[in-house]
Amino acid sequence: MNDQMNPSVDAPVVIRPYGDTTGDGMVQVSFTLPLAHDKRAEGAALQLANKMGISPALVVHAKAMGPEFTFFIVYGTVHHLVEVDKVVVFERDYELLTPKDANAAVREQLGRPLVTVGACIGSDAHTVGIDAILNIKGFAGEKGLEYYGEFEVHNLGAQVSVPELVNQAIAFHADAVLVSQVVTQKDAHLANVRELTAAFREAYPHGRRPLIVVGGPRFDPTMAAELGVDRIFGKGTTPGEVASYLVHAMVNQQRKASDV
Ligand code: B12
């Protein structure tokens, strides 16, 4: 073990996973194979694990999921190194504001309420996430946007179609449209967001559409430009982060002309 791997040296730049002892490279993965549960299926799981670079590998759990599928948990060693100094992180690029400061900024600089319209689009019925951000009761000890006196909140609920959301955004003169997507099967969240951005591009004159903010536990925040939205929020987002972003984007006029 060199100095970079030595846990006694502060902030190592090269690390390996930890299982039984520091740096032993032990990982645990789970997956399902379309095979009935038998010895051959367990062998297939080990073959996959080996091909994934887990070697030696051990099937620590296997359970039939109906007659034709088996769920596995495999535990084993990887030999890859993690170079901590090369990790890329999506950093928040705006200041976190208290509700009081956010309200003051909107009042002083916008001179009217900041109008938000929120919804869960497509067939997605998971409303807990968007409610956590919008409803007064909030999330993780923070009040939702309804608590902010200078924010006007219209929560349209679940399974809202894109045309309906566009109509409501126009009717309410939305400054920001907040959309939640929790179901990601077959990348439905990405397809729905692309449909959303295309519809807003069509419905509004160039450069005049509201901010489009999407969120959900399986979004990659670095994909905003690719999806044509202004910001993506992932799992664990708090209402204060969203309110601060909206103030930053609206009040401080940070929107990029190329994005609108
Ligand atoms: C509760 C729940 C349900 C409830 C939803 C009730 C409701 N009113 O919302 C019910 C029972 C209805 C349900 C149904 C289904 N569910 Co469900 N459900 C869940 C569960 C257990 C919790 C989700 C949740 O509430 N999380 C808590 C909230 C606070 O977290 P969040 O959504 O991540 O939101 C946070 C952030 O992501 C972010 N955020 C989210 N949205 C937004 C939006 C904006 C604008 C911003 C800024 C931030 C933001 O901020 C929030 C706060 O931090 C998850 C599993 C899990 N543990 O996550 C499965 C899960 C989401 N469900 C799943 C599935 C498959 C379904 C069904 C298809 C099951 C079925 N076969 O019928 C149906 C689909 C129904 C439909 N048409 O959508 C899968 C999705 C898998 C996938 N790859 O897409 C999951 C992951 C379970 C699993 N492991 O399989 N479900």
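Residues numbered from 1 in each chain as written. Predicted model: local features only at pLDDT ≥ 70, side-chain atom pairs only at ≥ 80, totals over all residues. Heavy atoms only, no water.

1. A short note on the site of the ligand
Right, so step 1: Around the ligand, the surrounding shell holds 30 residues, and the nearest of these are Ala125, His126, Ser180, Thr184 and Thr237.
Right, so step 2: Backbone polar atom of Thr184 to an oxygen atom of the ligand: 2.6 Å apart, as the coordinates give it.
Right, so step 3: With respect to the ligand, the backbone of Pro217 contributes an N or O atom lying 3.1 Å from an oxygen atom.
Right, so step 4: Going through the elements one at a time, α3 (128–134), β8 (176–180) and β9 (211–215) are the ones with two or more residues in the shell around the ligand.
Right, so step 5: Here the shell around the ligand gets five residues from one element, more than from any other, and that element is α3.
Right, so step 6: Of the residues that constitute the shell around the ligand, the class distribution is 14 nonpolar, 13 polar and three charged. (Near = heavy atom within 4 Å. Polar contact = N/O pair within 3.5 Å; in protein donor to acceptor, adjacent residues only side chain to side chain. Helix = DSSP H or I, 4+ residues; strand = E, 2+ residues; numbered from the N terminus. Nonpolar A, V, L, I, M, F, W, Y, C, P; charged D, E, K, R; others polar.)

2. A look at the confidence of the model for the protein chain
As a note on interpretation, predicted positions should not be read in detail where pLDDT is low.
Right, so step 1: A residue-level look at the protein chain finds 93% of positions with pLDDT of 70 or above and a mean pLDDT of 93.
Right, so step 2: Counted against residues more than four places away or in other chains, residues 1–8, with its pLDDT under 50, gives eleven contacts.
Right, so step 3: When the criterion is pLDDT under 50, residues 254–260 qualifies, and its contacts beyond four places in sequence or with other chains add up to 15 contacts. (pLDDT = per-residue confidence, 0-100. Contact = heavy atoms within 4.5 Å.)

3. Description of the packing of helix α4 (residues 162–171) against helix α5 (residues 188–203)
For any two helices packed against each other, the geometry comes down to the angle between their axes and how far apart the axes lie.
Right, so step 1: Orientation of α4 relative to α5, taken along the N-to-C sense of each, is 45°, at an axis distance of 10 Å. Judged on the interaxial angle alone, α5 and α4 are oblique. Seen along the crossing, α4 lies across α5 with a hand that is right-handed. Facing α4, whose interface residues are Val162, Leu165, Val166, Ala169 and Ile170, α5 presents Asn192, Glu195, Leu196, Ala199, Phe200 and Ala203.
Right, so step 2: The residue makeup of the contact of α4 with α5, split by class, is nine nonpolar, one polar and one charged. (Axes fitted to C-alpha atoms, helices over the stretch in contact; angles between N-to-C directions. Parallel < 35°, antiparallel > 145°, perpendicular 65-115°, else oblique. Left-handed = near helix turned anticlockwise from the far one by under 90°.)

4. Quick notes on the pattern of salt bridges
Right, so step 1: In total, this model carries six salt bridges according to the counting rule given.
Right, so step 2: For Arg231, the salt bridge identified is with Asp93, shortest N-O distance 2.9 Å. With Arg231 in strand β10 (residues 231–233) and Asp93 in the loop between β5 (82–83) and α2 (99–110), this pair connects stretches of sequence that are 138 residues apart.
Right, so step 3: Residue Arg194 pairs with Glu226 through a salt bridge whose shortest N-O separation is 3.7 Å. (Salt bridge = Lys/Arg side-chain N within 4 Å of Asp/Glu carboxyl O.)

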